[in-house]
Amino acid sequence: MSSSKDTKNSRREQLAKERAASAAADQRRRRLLTVVGGVVVVAVVVGTGIAVQTSRNDTTQAALPATVTEVGGPIVRNPEATGVPVLDYWEDFQCPACKTMEDATASTVDELATAGTAQIRYNILSFLDGSLGNDSSSRAANAFACSADAGKQGPYHNTVFANQPAIEGDGYTDEQLLQFGVDVGISGDAFTAFQSCLAEGTYDDYVRSVATAGAQAGINSTPTVLLNGVTLDNAVSFDPTALTKAVADASAG
């Protein structure tokens, strides 16, 4: 009897162990499936994030404002001026040194553009957003691109610099950027389009493409001014008389 009871007890213990092992195995499988499921979800989320980021960084299909002929290309102030020296300006609308240069030479550049003595091309960067902790350079650059569609890129460019905040980093409000459009004479349907362009950030990708082009061109400071592809010394680009002479010499040469 004792032996029979021992055998039954042994079988019960063995069955209990098997059930426990089976339950443990089931639990491990559930945990494994949960983890695998979690990994799959994370992979999808991460993969989606990468795709979105790639899409945001892919500016090859960027919408281009008027006068721009290629992604990352400059906005041309006076595209009708051909066969003349070309002045390329690399600037950031939040750059104090750029404003100093503009204050000194804006009227001279206006004269060169109006007379068709030189073609003026603006490459507007937005790198100061990172160091100043705002997005003002990018928004102002987009607004400037929007103004080109209304044919007001020259006066709009000058107006943004003329109203640069006294304290670096304060930036421009959307209301200011819109008002600058009014100030330079954008009106009617053109103003409606300009307003929509600002609100939708139509040229955000284009602005990023200019940043890429600047990096590829080795532009590492603003302002940088090139005359026929050759970087001008600040003593020239900041001085109206010297700038005028440099353009005249380039034309004669």
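Everything here concerns the structure above.
On a predicted model such as this, the values are computed, not experimentally measured, just so you know. (Residues numbered from 1 in each chain as written. Predicted model: local features only at pLDDT ≥ 70, side-chain atom pairs only at ≥ 80, totals over all residues. Heavy atoms only, no water.)

S.K.: How should empty space enclosed by the protein be read in this particular structure?
M.R.: A water-sized probe rolled over the atoms picks out the places where empty space is left. This model, assessed by the stated rule, comprises 1 cavity of 30 Å³ or more. The calculated volume of the largest cavity comes to roughly 40 Å³. Lining the largest cavity are I75, Y122, N123, I124, A141, F144, Y206, V207 and V210. Mapped onto the lining of the largest cavity, the elements with two or more residues apiece are strand 3 (119–125), helix 4 (136–149) and helix 8 (204–216). (1 Å grid on protein atoms, 1.4 Å probe; cavity = no way out; pocket = protein on both sides within 12 Å on 5 of 7 lines; lining within 4 Å. Points joined across faces, edges and corners; volume = space filled by probe spheres on them. Helix = DSSP H or I, 4+ residues; strand = E, 2+ residues; numbered from the N terminus.)

S.K.: Any chance you could explain the pattern of salt bridges here in plain terms?
M.R.: Opposite charge on two side chains lets them pair, provided their charged atoms get close. Under the criterion given, the structure shown has 7 salt bridges. Here K99 and D103 are joined by a salt bridge, their closest N and O atoms 3.3 Å apart. Within this pair, K99 and its partner D103 are both found in helix 2 (residues 96–115), separated by 4 residues, close to a single helical turn. Residue classification places K99 among the buried positions, given a relative accessible area of 19%. We classify D103 as exposed; its relative accessible area is 53%. Between D174 and R139 there is a salt bridge; the shortest N-O distance is 2.7 Å. (Salt bridge = Lys/Arg side-chain N within 4 Å of Asp/Glu carboxyl O. Buried < 20%, exposed > 50% of the residue type's maximum accessible area, 1.4 Å probe, protein only.)

S.K.: In this structure, what is going on with unusual backbone geometry? I would like to understand it.
M.R.: It is generally the case that most residues other than glycine have a negative phi and that most peptide bonds are trans. Here T222 and P223 are connected by a cis peptide whose omega angle stands at 0°. Within the secondary structure, P223 is located in the loop between helix 8 and strand 4 (224–227). We note that N228 has phi near 50°; this positive angle belongs to a residue other than glycine. Residue class for N228 comes out partly exposed when judged on its relative accessible area of 45%.

S.K.: Could you clarify how one ought to interpret the layout of surface pockets in this entry?
M.R.: Estimated volume of the largest pocket: approximately 230 Å³. S138, R139, N142, G201 and D204 are, among the 13 residues lining the largest pocket, the residues nearest its centre. Elements that contribute at least two residues to the lining of the largest pocket include exactly helix 4, helix 6 (174–183), helix 7 (188–200) and helix 8. Residue composition of the lining of the largest pocket, grouped by class: 4 nonpolar, 4 polar and 5 charged. (Nonpolar A, V, L, I, M, F, W, Y, C, P; charged D, E, K, R; others polar.)

S.K.: Teacher, can you tell me more about helix 10 (residues 240–252) here?
M.R.: Residues spaced three or four apart along an α-helix face the same direction, because each turn holds 3.6 residues. Helix length check: helix 10, at 13 residues, gives a terminal C-alpha distance of 18 Å against a target of 18 Å (1.5 Å per residue), a fit within 8%. If you check which residues of helix 10 are buried, you get L243, A246 and V247. The buried side chains of helix 10 occupy one side of the element, clustering within an arc of 95° when seen end-on. For helix 10, exposure combined with an orientation more than 90 degrees from the buried face picks out T241, K245 and A252. The elements touched by buried residues of helix 10 are strand 2 (86–92), helix 2, strand 4 and helix 9 (234–237). Regarding helix 10, its N-cap is D239, as a side-chain oxygen of that residue lies 3.2 Å from the backbone nitrogen of T241 further along. (Expected span 1.5 Å × (residues − 1). Arc of directions from axis to C-beta. Contact = heavy atoms within 4.5 Å. Polar contact = N/O pair within 3.5 Å; in protein donor to acceptor, adjacent residues only side chain to side chain.)

S.K.: How should I be thinking about the packing of helix 4 against helix 5 (residues 153–162) in this particular structure?
M.R.: Two packed helices can be described by the angle between their axes and the distance between those axes. Helix 5 packs onto helix 4 with a crossing angle of 155° between their chain directions and a minimal axis gap of 8 Å. Classed by the angle they form, the pair helix 4 and helix 5 counts as roughly antiparallel. Helix 5 is crossed by helix 4, and the crossing has right-handed handedness. On helix 5, the residues touching A143, F144, S147 and A148 of helix 4 are Q153, Y156 and H157. Residues that form the contact of helix 4 with helix 5 fall into these classes: 4 nonpolar, 3 polar and no charged. (Axes fitted to C-alpha atoms, helices over the stretch in contact; angles between N-to-C directions. Parallel < 35°, antiparallel > 145°, perpendicular 65-115°, else oblique. Left-handed = near helix turned anticlockwise from the far one by under 90°.)

S.K.: Please clarify how the sheet that holds strand 3 should be interpreted in this entry.
M.R.: Within a sheet, neighbouring strands are paired by backbone hydrogen bonds and run either parallel or antiparallel to one another. As summarised here, the arrangement of the 5 strands in space is 1-3-2-4-5, forming an open sheet in which the pairing is mixed. One side of each edge strand has no neighbouring strand; the edge strands of this open sheet are strand 1 (75–76) and strand 5 (230–231). For strand 2 and strand 3, the ladder comprises 7 bridges, and the chain directions are parallel. Looking at strand 3, one finds that Y89 is bridged to Y122. (Pairing = 2+ DSSP bridges.)

S.K.: Please explain the packing of helix 6 against helix 7 as it appears in this structure.
M.R.: For the pair helix 6 and helix 7, interaxial distance at closest approach is 11 Å and the crossing angle is 155°. It follows that helix 6 is roughly antiparallel to helix 7 by the angle criterion. As helix 6 runs across helix 7, the sense of the crossing is right-handed. Contact residues: helix 6 offers D174, L177, L178, G181 and V182, while helix 7 offers F191, F194, Q195 and L198. Grouping the constituent residues of the contact of helix 6 with helix 7 by class yields 6 nonpolar, 2 polar and 1 charged.

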